Amino acid sequence: MNRIDQKFMALRKANKKAFIPYITAGDPDLAVTEQLVLALEKAGADIIELGVPFSDPMADGPVIQAASFRALEKGTNLRQILDLVGRIRRVSDVPIALMSYYNPVFHFGDQAFAAAASAAGVDGVIIPDLPVDEADVLRREAAAKGLAVIFFMAPTTPPARMQAIADAATGFIYYVAVAGVTGARRAEASDIAQKLRQIKQVTDKPVCVGFGVSTPAQAQEIARGADGVIVGSALVRLIHEHAGQADLGAHVGNFAAALAAAVH
Amino acid sequence: MNFPDKNGHYGQFGGRFVPETLMALLIDLEAEFKKARKDPAFRKEFDFYLRTYAGRPTMLYAAERLSRHLKTLKVYLKREDLLHTGAHKVNNTLGQILIARRMGKKRIIAETGAGQHGVATATVCALFGLTCVIYMGAEDIKRQSLNVVRMRLLGATVVPVESGTKTLKDAMNEAIRDWVTNVSDTFYLIGTVAGPHPYPWMVREFQSVIGHEARRQFLSKEKRLPDYLVACVGGGSNAMGLFHAFYKDAPVRMVGVEAAGHGIDTPFHAAALGKGSPGVLHGCKSALLQDDNGQVMPAHSISAGLDYPGVGPEHAYYKESGRAVYAAVTDNEALDAARLLARTEGIIPALESAHALAYLSTLAAKVKGKKSVIVCLSGRGDKDMGTIKDLLFP
């Protein structure tokens, strides 16, 4: 069984919600990313979303865009990130989902990617510009390797699409809290709760909420109606502010611990 | 088979590679466009503005002095440069603004590289009293300051884009970010036959007026079809507009001309079809300039309108299926061709269109006997005088 599925089973049994931090791999560099993944796990992260930097991150706001460009300037690429996951797997079983735009995956080859990711110990993949309508090939290859393909639902998704997405999704469903890019504006818990109830009517797969979640208080409120909460830009900003400093791990660990406690 | 298929694919290319937030809107837009194109009232309205506002039909001009110079070619120029705003872009902006009005959208956004599509968008927004926001790379704003003034004079807000390479592709990223954020009231008016379905199809349909007119005009003058069609390809809207009407005329050969920049074997070109590989950018799968890791590479061309690392998916399909061939000419060859047309015909072409003209000497050397060719003169050269001055008359 996939580590993500195991995690949600365990969380459900304990009546807990998943805290899912996002960080951009290679910002400030891959060695630090490796330490940060382990620090996040220690702080209580249930699943780590590891961002693959891309030259044209059209679904991201300024914070993750900038992180992406810094990582690319360091020469970070998908193969190195898979190697990084392989190294993490020697010491940790924390579930890891890669967040990548489709082109790096497509260029790698859907089949080759699914094989390499699975061999490295990646558990799932999140591709913001690959709607379910275009994902047949990746879904097939990922399924063959036990890799989860996590699809998005948005405030604009009509009920008929909700069903199709829910049917296709493995691992969990990523609900985009606000129409917009990552980190841009605050998600309102009341709007989200209503939509989550609709989604829950069409599926019993886990639904996690991301985009516009930046504080423990907000995460706690959103977690009530969801199976998990994803926090990205706020963490990425913190990492950038303390990059190169000795206390980076402590800052990230403290913030992540506060978020984890709020979500759990 | 008529492309695109129901999911917006042209063979392996095209599709809708966008955030889920936009999917419902794209499906609505496709439905609205399907309805509109069958609606006589819409067609009448579009035709009305093309005739009375844009200045259609444009002439098909027999370029006799240029033909004599080239010896083996009889060249006809499809004079899109004579349209209002100075290029073919307005065919598409008029079509899309009418769709936006039907959908009740009040706010129009667009990306622009050289500023031509931005100006054509600002123009139709002024015509219909709609709010207009244009995203333009900070580098392009510096290079094309007069077009920025034109857009502002027309009432548009021009937003400088400071991310990435600060050029057209980044302007398109930023426009998509705005769109995803303001999806309920905003219409994204894409300037070329790229982006997610239904845009490549919709823009092709609006630009096809070029080819339908040219075909009719050529038949009436020559009582036969042309041997060749030649057009420049950045995103590829003027080329697709010309080519598509001749798709089923098997003997008519089509040549799309990309920008080879400093040279097709240097890193400084924009030949996505010539040198790229299949990839996904800005909502569609097509040919793309990218590195070994699937990161998009910056393009280069003297002509800002061709300076884009991707290309419309239907061109990628035309290339793959062999229906069209694609060549590339350098910055210098384009400059020479601009000078040649100016001095043989008294017509100053846009540097984009000059790429199509530059291919004619290659074609002239290749053909056997005398052949006829329609070149899409997609735009006029006024906007390029700064570049021309720096390079030819420093």
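Parameters and conventions
Residues numbered from 1 in each chain as written. Chains lettered and ligands numbered in written order. Predicted model: local features only at pLDDT ≥ 70, side-chain atom pairs only at ≥ 80, totals over all residues. Heavy atoms only, no water. Phe/Tyr/Trp six-rings, centres within 6.5 Å; stacked < 30°, edge-to-face > 60°. Helix = DSSP H or I, 4+ residues; strand = E, 2+ residues; numbered from the N terminus. Buried < 20%, exposed > 50% of the residue type's maximum accessible area, 1.4 Å probe, protein only. Pairing = 2+ DSSP bridges. Axes fitted to C-alpha atoms, helices over the stretch in contact; angles between N-to-C directions. Contact = heavy atoms within 4.5 Å. Buried area = accessible area lost by both parts, 1.4 Å probe. Salt bridge = Lys/Arg side-chain N within 4 Å of Asp/Glu carboxyl O. Polar contact = N/O pair within 3.5 Å; in protein donor to acceptor, adjacent residues only side chain to side chain. Nonpolar A, V, L, I, M, F, W, Y, C, P; charged D, E, K, R; others polar. Parallel < 35°, antiparallel > 145°, perpendicular 65-115°, else oblique. Left-handed = near helix turned anticlockwise from the far one by under 90°.

## A short note on the packing of aromatic side chains
Stage number 1. Going through the model one piece at a time under the given rule, you end up with 21 aromatic pairs over all chains.
Stage number 2. An angle of 40° between the planes, with centres 5.6 Å apart, marks the rings of Y102 of chain A and F106 of chain A as tilted. Separated by 4 residues within a single helix, Y102 of chain A and F106 of chain A lie in helix α5 (residues 102-108), roughly one turn from each other.
Stage number 3. Relative accessible area serves as the criterion here: at 3%, Y102 of chain A is assigned to the buried category.
Stage number 4. Residue class for F106 of chain A comes out buried when judged on its relative accessible area of 17%.
Stage number 5. Both rings, one in F33 of chain B and one in W201 of chain B, keep their centres 4.9 Å apart while their planes meet at 85°; by these two values the pair is edge-to-face. Taken together, the residues F33 of chain B in helix α1 (residues 20-38) and W201 of chain B in helix α9 (residues 199-207) connect sequence positions 168 residues apart. Just as F33 of chain B is buried, W201 of chain B falls in that class too.
Stage number 6. Among the aromatic side chains, those forming a connected cluster through ring pairs are F33, F42, F46, W201 and F206 of chain B.

## A word on unusual backbone geometry
Stage number 1. For the bond from D27 of chain A to P28 of chain A, the omega torsion is 5°, close enough to zero to count as cis.
Stage number 2. Relative to the elements of secondary structure, P28 of chain A occurs in the loop between β1 (18-24) and α2 (30-43).
Stage number 3. Following R56 of chain B, the chain continues to P57 of chain B via a peptide bond in cis, the omega torsion being -5°.
Stage number 4. Here P57 of chain B is to be found in the loop between α2 (40-54) and β3 (60-62).
Stage number 5. Unlike most non-glycine residues, N15 of chain A shows phi in positive territory, near 55°.
Stage number 6. You can see N15 of chain A is positioned in the loop between α1 (3-13) and β1.
Stage number 7. Unusually for a residue other than glycine, K166 of chain B sits at a positive phi of about 60°.
Stage number 8. On the secondary structure map, K166 of chain B appears in the loop between β7 (157-161) and α8 (168-181).
Stage number 9. Given a relative accessible area of 28%, K166 of chain B falls into the partly exposed group.

## Quick notes on the sheet that holds strand β14 (residues 371-377) of chain B
Residue and element names in this part refer to chain B.
Stage number 1. Ordered in space as β3-β4-β14-β9-β10-β13, the 6 strands form an open sheet in which the pairing is mixed. Two strands lie at the open edges of the sheet, namely β3 and β13 (324-330), each paired on one side alone. Sheet twist, expressed as the mean angle between neighbouring strand axes with direction ignored, is 30°.
Stage number 2. Relative to β13, strand β10 (residues 253-261) is paired through 7 bridges, and the arrangement is parallel. What sits directly across from M254, in β13, is A324.
Stage number 3. Where helix α10 (residues 209-222) meets the sheet, its contacts fall on β3, β4 (73-79) and β14, and the angle it forms with β4 comes to roughly 135°.
Stage number 4. Along the sheet face, helix α15 (residues 351-366) touches β4, β9 (228-232), β10, β13 and β14 and points at about 140° away from the line of β9.

## Points about the interface of chain B and chain A
Stage number 1. In this assembly, 39 residues from chain B lie in contact with 36 residues from chain A.
Stage number 2. Between chain B and chain A, roughly 2,900 Å² of surface is buried when both sides are summed, and carbon and sulfur atoms account for 54% of that area.
Stage number 3. Considering only the side of chain B, the residues that lose the most area to chain A are E20, R177 and Q295 of chain B, jointly responsible for 23% of the buried surface there.
Stage number 4. For the pair chain B and chain A, the number of links is 2 salt bridges.
Stage number 5. Two residues, E20 of chain B and R161 of chain A, come together in a salt bridge whose shortest N-O distance is 2.8 Å.
Stage number 6. Across the contact surface, chain B and chain A share 19 residue pairs in polar contact (both at pLDDT 80 or more).
Stage number 7. For the side of chain B that touches chain A, the secondary structure elements donating two or more residues are α1, α8, β11 (277-281) and β12 (284-288) of chain B.
Stage number 8. Per element, the largest residue contribution to the side of chain B that touches chain A is 8 residues, and it comes from α8 of chain B.
Stage number 9. Here the residues of the side of chain B that touches chain A sort into 14 nonpolar, 16 polar and 9 charged.

## Section: the packing of helix α3 (residues 62-73) of chain A against helix α11 (residues 233-242) of chain A
Residues and elements named next belong to chain A.
Stage number 1. Interhelical geometry of α3 versus α11 gives an angle of 50° and a closest axis separation of 9 Å. Here α3 lies oblique to α11, going by the angle between them. The handedness of the crossing between α3 and α11 comes out as left-handed. Residues V63, I64, A67 and R70 of α3 form the contact with α11, whose participating residues are S233, V236, R237 and H240.
Stage number 2. For the contact of α3 with α11, the residue count by class is 4 nonpolar, 2 polar and 2 charged.

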